[in-house]
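# Report on the structure
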Amino acid sequence: MSQAAAIPDHVPPELVGSFNLYKSPQMAPTPMGDPHAATSHLHDGPPIFFAPDNTRNGEGTWIIVKAEDQRRVLQDAATFSSFRKIFSSALGEDWPLIPLEVDPPEHGVWRSLLNPLLSPRRVMDLEPIVRERAVSLIEGIKARGTSCDVMNDFAFPFAVSIFLQFLGISSDRLHEFVGWANDMFHGAPDKRTAAARTVIAFLDDLRDLRRREPTDDFMTFVTQAEVQGRKMTDEEVRAMSVLLFAAGLDTVAAALGFDLYYLAQHGDAQELLRAEPQRVLLASEEFLRAFPTITPVRTATRDVEVHGVLIKKGDLVACPAMTANRDPAEFADPDTIDLDREENRHVAFAYGPHRCLGSHLARREIVIGLEEWLARIPSFRIKPGTTPITYGGFVFGVEDLILDWS
Amino acid sequence: MKIKVFAEKCQGHARCWAQAPHLMHLNDEGYVDPGDIDVPAGDEKIAKHAVLSCPERALKLEE
């Protein structure tokens with residue numbers, strides 16, 4: 001299908017943009033790139049435009065550039081639906097991820113079940129475990145030498161090990177899970193599908209085991225929970241547990257990767273946070289603003305106007321956190337990274353009812369990861385002769401990030 | 001001074017609670033309790049920070 005054919009008739013030609021999240025400059029894999037900054041120029045153009053070929057399978061979407069408009073879209077779940085079944089349809093199956101791909105009011109029932117498990121207070125109880133995992137990974141890295149591959153040696157195994165802890169799975173299986181996660185998020189399409197099936201089969205088995213032999217963990221809780229007066233179906237338990245895997249690993253790992261990529265290039269910021277670790281809490285919010293990883297996508301449930309532009313029922317609407325977080329109407333000097341920024345209502349975890357369920361845990365993982373890294377690793381830089389690769393897409397990321405402190 | 005709480009707009013970001021844990025009360029799900037909040041003398045600045053921290057604009061300051 002030609003690109004022109006993918007543009008619906010109701011899209012005015014002047015609103016067809018040349019930007020998309022996958023192929024534009026800095027969005028495709030780029031040596032030593034800065035993909036977030038590369039979205040800033042969108043604020044010089046129209047507040048809403050149509051981006052052809054803006055999803056993994058080549059569909060066009062509207063892009064909502066401004067923070068205030070994204071807030072309106074993401075808060076209005078009746079007009080902008082999350083119901084998509086993206087994950088399962090890639091496997092030839094037919095179920096929405098719970099609660100991500102479910103709309104209110106049903107969405108609220110699932111959230112009420114899960115919210116207490118990931119509330120700010122509950123996350124405080126997880127803090128010692130999160131810190132222990134960070135320390136043990138970093139000490140392992142130090143024992144092996146004076147450089148490491150940050151994503152493979154630290155960020156990814158750190159996020160995966162917290163997931164295993166949350167699900168009550170032994171950390172003996174960390175290596176195996178990191179391999180599946182790597183294939184699922186970063187592999188070639190056939191590897192992604194195979195890894196997703198492996199993870200699902202594992203979680204299905206765990207579900208069946210906990211139905212037979214309950215214990216005190218997440219899976220037991222889910223299998224015993226009553227939702228609207230009934231137990232959850234096998235498919236619902238699957239849709240909920242696989243979402244924790246799909247949503248909570250790559251995003252947190254990528255955030256930590258971008259933070260350390262920035263710090264490796266800014267020795268002054270590194271020294272400041274190392275000398276005054278109490279600044280990490282505020283700085284991590286600025287990193288979340290400057291380097292968010294996600295783009296929520298919705299489907300219009302009716303014809304609706306945004307800035308006088310007609311969005312038709314069925315159109316996809318993308319709200320990249322990167323553009324909202326660099327909106328000059330929302331943030332003073334949005335392209336300046338200010339580690340002391342106080343007013344910082346960024347949208348790294350989205351707005352509206354689908355606000356990231358794991359946001360409180362993700363925040364603690366990022367703060368603790370940075371605190372322990374800076375406390376234990378001396379002044380570090382990008383290893384001379386190596387080149388990190390950054391990329392855009394549905395989840396922004398960085399790889400081949402080799403840090404050196406020799 | 002009062003914090004007006006529009007609880008139906010709260011989505012559980014808990015940024016207000018991070019700013020002012022002694023002023024803002026969250027339920028077991030981590031969402032703000034309904035009901036406006038009287039700000040004790042001396043807490044005006046912290047109340048302002050709490051209000052300005054809400055990504056959903058669910059809080060408003062009233063003099």
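Since the model is a prediction, treat every value here as computed from it, not as a measurement. (Residues numbered from 1 in each chain as written. Chains lettered and ligands numbered in written order. Predicted model: local features only at pLDDT ≥ 70, side-chain atom pairs only at ≥ 80, totals over all residues.)

## A look at the overall build of chain B
- Per the secondary structure count, chain B includes two helices and three strands.
- Starting at the N terminus, the α and β elements of chain B follow one another as β-α-β-α-β.
- For 63 residues, the compact-globule estimate of 2.2 N^0.38 gives 11 Å, and chain B sits close to it at 10 Å.
- If you line up chain B on its principal axes, its C-alpha atoms span 30 × 20 × 20 Å.
- Per-residue burial for chain B yields a buried fraction of 40% across its 63 residues. (Helix = DSSP H or I, 4+ residues; strand = E, 2+ residues; numbered from the N terminus. Rg over C-alpha atoms; globule rule 2.2 N^0.38 Å. Buried ≥ 20, exposed ≤ 12 C-beta atoms within 10 Å, placed from the backbone.)

## Remarks on the overall build of chain A
- Along chain A, the regular secondary structure elements total 14 helices and 15 strands.
- The C-alpha atoms of chain A give 21 Å as radius of gyration, which agrees with the globular expectation for 406 residues (22 Å, within 12%).
- C-alpha atoms of chain A, sized along the principal axes, occupy 60 × 55 × 40 Å.
- Across the 406 residues of chain A, 45% fall into the buried class.
- Counted over contacts in chain A with a minimum sequence separation of 6, partners at least 24 positions apart contribute 68%. (Contact = placed C-beta atoms within 7 Å.)

## Points about the environment of Gln11(B)
- As for its position among the elements, Gln11(B) is in the loop between β1 (2–5) and α1 (15–19).
- For the pair Gln11(B) and Pro55(B), spaced 44 residues apart in sequence, the C-alpha to C-alpha distance is 9.0 Å.
- Residues within four places of Gln11(B) in sequence aside, it is in contact with Gly352(A), Pro353(A), Arg355(A) and Glu56(B).

## Brief notes about the nonpolar core
- By size, the foremost hydrophobic cluster in this structure holds 109 residues, and its most contacted members are Trp62(A), Ala155(A), Ala159(A), Ala253(A), Leu260(A) and Val317(A).
- Here Ala155(A) is in contact with Val150(A), Ala253(A), Leu256(A) and Gly257(A), once residues within four sequence places are set aside.
- With 17 residues, the next largest nonpolar core counts Cys16(B), Met24(B), Tyr31(B) and Val32(B) among its residues. (Core = buried A, V, L, I, M, F, W, Y, C linked by C-beta atoms within 7 Å.)

## With respect to unusual backbone geometry
Residue and element names in this part refer to chain A.
- For the bond from Ile-98 to Pro-99, the omega torsion is 0 degrees, close enough to zero to count as cis.
- Note that the residue after Pro-104, namely Pro-105, is joined by a cis bond; omega there is 5 degrees.
- Residue placement: Pro-105 occurs in the loop between α2 (86–89) and α3 (106–114).
- Positive phi is not limited to glycine here, since Asp-53 has a value of about 55 degrees.

## Some remarks on the sheet that holds strand β1 (residues 30–31) of chain A
Residue and element names in this part refer to chain A.
- The strand order across the open sheet built from three strands is β1-β13-β14, with neighbouring strands paired in antiparallel fashion. This sheet does not close on itself; its edge strands, each paired only once, are β1 and β14 (397–399).
- Two elements, strand β13 (residues 389–391) and β14, share three bridges in a ladder whose sense is antiparallel. The residue of β14 that forms the bridge with Ile-389 is Glu-399. (Pairing = 2+ DSSP bridges.)

## Brief notes about the interface of chain A and chain B
- Each side of the interface is counted separately: chain A has 16 residues, and chain B has 14 residues.
- Its residues assigned to classes, the side of chain A that touches chain B shows six nonpolar, seven polar and three charged. (Nonpolar A, V, L, I, M, F, W, Y, C, P; charged D, E, K, R; others polar.)

## Side note on the environment of Tyr261(A)
All names here are of chain A.
- Here Tyr-261 lies in helix α10 (residues 250–265).
- When the 22 C-beta atoms within 10 Å are taken as the criterion, Tyr-261 is described as buried.
- Considering only alpha carbons, one finds Tyr-261 and Trp-405, 144 residues apart in sequence, at a separation of 14 Å.

## A closer look at the packing of helix α12 (residues 280–290) of chain A against helix α14 (residues 359–376) of chain A
All names here are of chain A.
- Relative orientation of the contacting elements α12 and α14 amounts to 120 degrees, with a least axis distance of 10 Å. As summarised for this structure, α12 and α14 are arranged oblique, according to the angle between their axes. The two elements α12 and α14 cross, and the hand of that crossing is right-handed. Here α12 contributes Val-280, Leu-281 and Ser-284 to the contact with α14, which in turn contributes Ile-366, Val-367, Leu-370 and Glu-371.
- For the contact of α12 with α14, a count of residues per class yields five nonpolar, one polar and one charged. (Axes fitted to C-alpha atoms, helices over the stretch in contact; angles between N-to-C directions. Parallel < 35°, antiparallel > 145°, perpendicular 65-115°, else oblique. Left-handed = near helix turned anticlockwise from the far one by under 90°.)

## Considerations on the packing of helix α5 (residues 150–167) of chain A against α10(A)
Residue and element names in this part refer to chain A.
- With their axes 8 Å apart at the nearest point, α5 and α10 run at an angle of 140 degrees to one another. It follows that α5 is oblique to α10 by the angle criterion. Regarding α5 and α10, the two cross each other, and that crossing is right-handed. Residue-level inspection shows Val-150, Met-151, Ala-155, Phe-156 and Ala-159 of α5 in contact with α10, the latter providing Val-252, Ala-253, Leu-256, Gly-257 and Leu-260.
- Tallied by class, the residues present in the contact of α5 with α10 amount to nine nonpolar, one polar and no charged.

## Some points on the sheet that holds strand β2 (residues 37–38) of chain B
Residues and elements named next belong to chain B.
- The antiparallel open sheet is built from three strands, whose spatial order is β2-β1-β3. Each of the sheet's edge strands pairs with one partner strand only, and the pair in question is β2 and β3 (59–62).
- Pairing of β1 with β2, which is carried by two bridges, proceeds in the antiparallel orientation. Looking at β2, one finds that Lys-2 is bridged to Asp-38.

## Comments concerning the pairing of strand β3 (residues 61–64) of chain A
Residue and element names in this part refer to chain A.
- In β3, alternate side chains face the same way, and those of Thr-61 and Ile-63 on one face and Trp-62 and Ile-64 on the other are all buried.
- As defined by bridge partners, strand β2 (residues 48–51) adjoins β3 across four bridges and the pair is classed as antiparallel. Pairing of Ala-51 across the sheet is with Thr-61, part of β3.
- By the bridge criterion, two bridges tie β3 to strand β11 (residues 316–318) in an arrangement that is parallel. When the bridges of β11 are listed, Ile-63 appears paired with Ala-318.

## Focus on α10(A)
- Compared with the 22 Å implied by 1.5 Å per residue over 16 residues, the 23 Å span of α10(A) between its first and last C-alpha is a close match.
- Counting buried positions along α10(A) yields 14 of 16 residues, so the element is predominantly enclosed. (Expected span 1.5 Å × (residues − 1).)

## A look at the environment of Pro96(A)
Residues and elements named next belong to chain A.
- Relative to the helices and strands, Pro-96 is located in the loop between α2 and α3.
- On a C-alpha basis, the gap between Pro-96 and Val-347 in space is 24 Å, while along the polypeptide they are 251 residues apart.
- Sequence-distant contacts of Pro-96, defined by excluding residues within four places in its chain, comprise Phe-83, Lys-85, Glu-101, Val-102 and Ala-239.

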